[in-house]
Amino acid sequence: MSGHPALAAAMNLPVPFDAAAFIAALPGARRAGHHHLAITEGTDVPLGLFFLWPERGVLGYGVGAAHRGRRLAVRALRLATVFCHGELGVAELLLPIFPDNLPSQAVAAGAGYRDMGGSVDVTAPGGDGRGHADLWVHRAGWPVPGGKPSPGG
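Residues numbered from 1 in each chain as written. Predicted model: local features only at pLDDT ≥ 70, side-chain atom pairs only at ≥ 80, totals over all residues. Heavy atoms only, no water.

A word on the environment of valine 82. Locating valine 82 in the fold gives a position in helix 3 (residues 72-86). For valine 82, a relative accessible area of 35% translates into the label partly exposed. Linking valine 82 and proline 143, residues 61 residues apart in sequence, is a C-alpha distance of 9.7 Å. (Helix = DSSP H or I, 4+ residues; strand = E, 2+ residues; numbered from the N terminus. Buried < 20%, exposed > 50% of the residue type's maximum accessible area, 1.4 Å probe, protein only.)

Take a look at the structure:
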């Protein structure tokens, strides 16, 4: 699912993606406070993956190539944003996005996130990956387009 080794490492995804290996690793990820949710559209067929690390306020997602362009990511990000602010009480959410990833920037903006000018190193262990990603931020109380202001503001 993820073509970027650094993002795959951050989301605890095996590269190349192997569903059995991913499922086997879920208990360890859960113990570390990482949550992985399937992105679906009215069925139990996963079309993508959403990653939550509430303790650090970090989110991530990936949509399968065959399912892109259907606004799945922006809808999932909106839902996750409201959930994290309202149900989990996370005041600030961080979404790392590579500077050249224009589709993900559009998704972030479409869910009310703002590029705050910071960056984070997302180089995978062993040095694989692309280095720094921009940090897009959403704070409790900011609007979530297509819905009400996020809880907590």
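Moving on from the model shown.
Moving on, we get to the packing of aromatic side chains. For the structure on display, the rule yields one aromatic pair. Geometrically, the ring pair formed by phenylalanine 50 and tyrosine 61 is stacked, given 6.1 Å between the ring centres and 20° between the ring planes. With phenylalanine 50 in strand 2 (residues 48-53) and tyrosine 61 in strand 3 (residues 58-63), this residue pair connects regions lying 11 residues apart in the sequence. Above the plane of the ring of tryptophan 142 lies arginine 114, whose end atom (NZ or CZ) is 3.7 Å from the centre. (Phe/Tyr/Trp six-rings, centres within 6.5 Å; stacked < 30°, edge-to-face > 60°. Lys NZ or Arg CZ within 6 Å of the ring centre and 35° of its normal.)

One turn of an α-helix holds 3.6 residues; hence residues three or four places apart share an orientation. Listed as buried for helix 4 (residues 102-110) are Ser104, Gln105, Val107, Ala108 and Gly110. Turning to helix 4, the residues buried within the fold contact strand 3, helix 3, strand 4 (92-97) and strand 6 (132-139). Where helix 4 begins, the side chain of asparagine 101 points an oxygen toward the backbone nitrogen of serine 104, at a separation of 3.0 Å. Glycine 112 sits one or two positions beyond helix 4 and adopts a positive phi of about 90°. (Contact = heavy atoms within 4.5 Å. Polar contact = N/O pair within 3.5 Å; in protein donor to acceptor, adjacent residues only side chain to side chain.)

Turning our attention to the pattern of salt bridges. Going through the model one piece at a time under the given rule, you end up with three salt bridges. Note that glutamate 41 is salt-bridged to arginine 70, the shortest N-O span being 2.2 Å. Of the two residues, glutamate 41 is situated in the loop between strand 1 (35-39) and strand 2 and arginine 70 in the loop between strand 3 and helix 3; the sequence distance between them amounts to 29 residues. Take glutamate 41: its relative accessible area is 34%, and that puts it in the partly exposed class. When salt bridges with common partners are traced through the structure, they connect Glu41, Arg70 and Arg75 into a single cluster. (Salt bridge = Lys/Arg side-chain N within 4 Å of Asp/Glu carboxyl O.)

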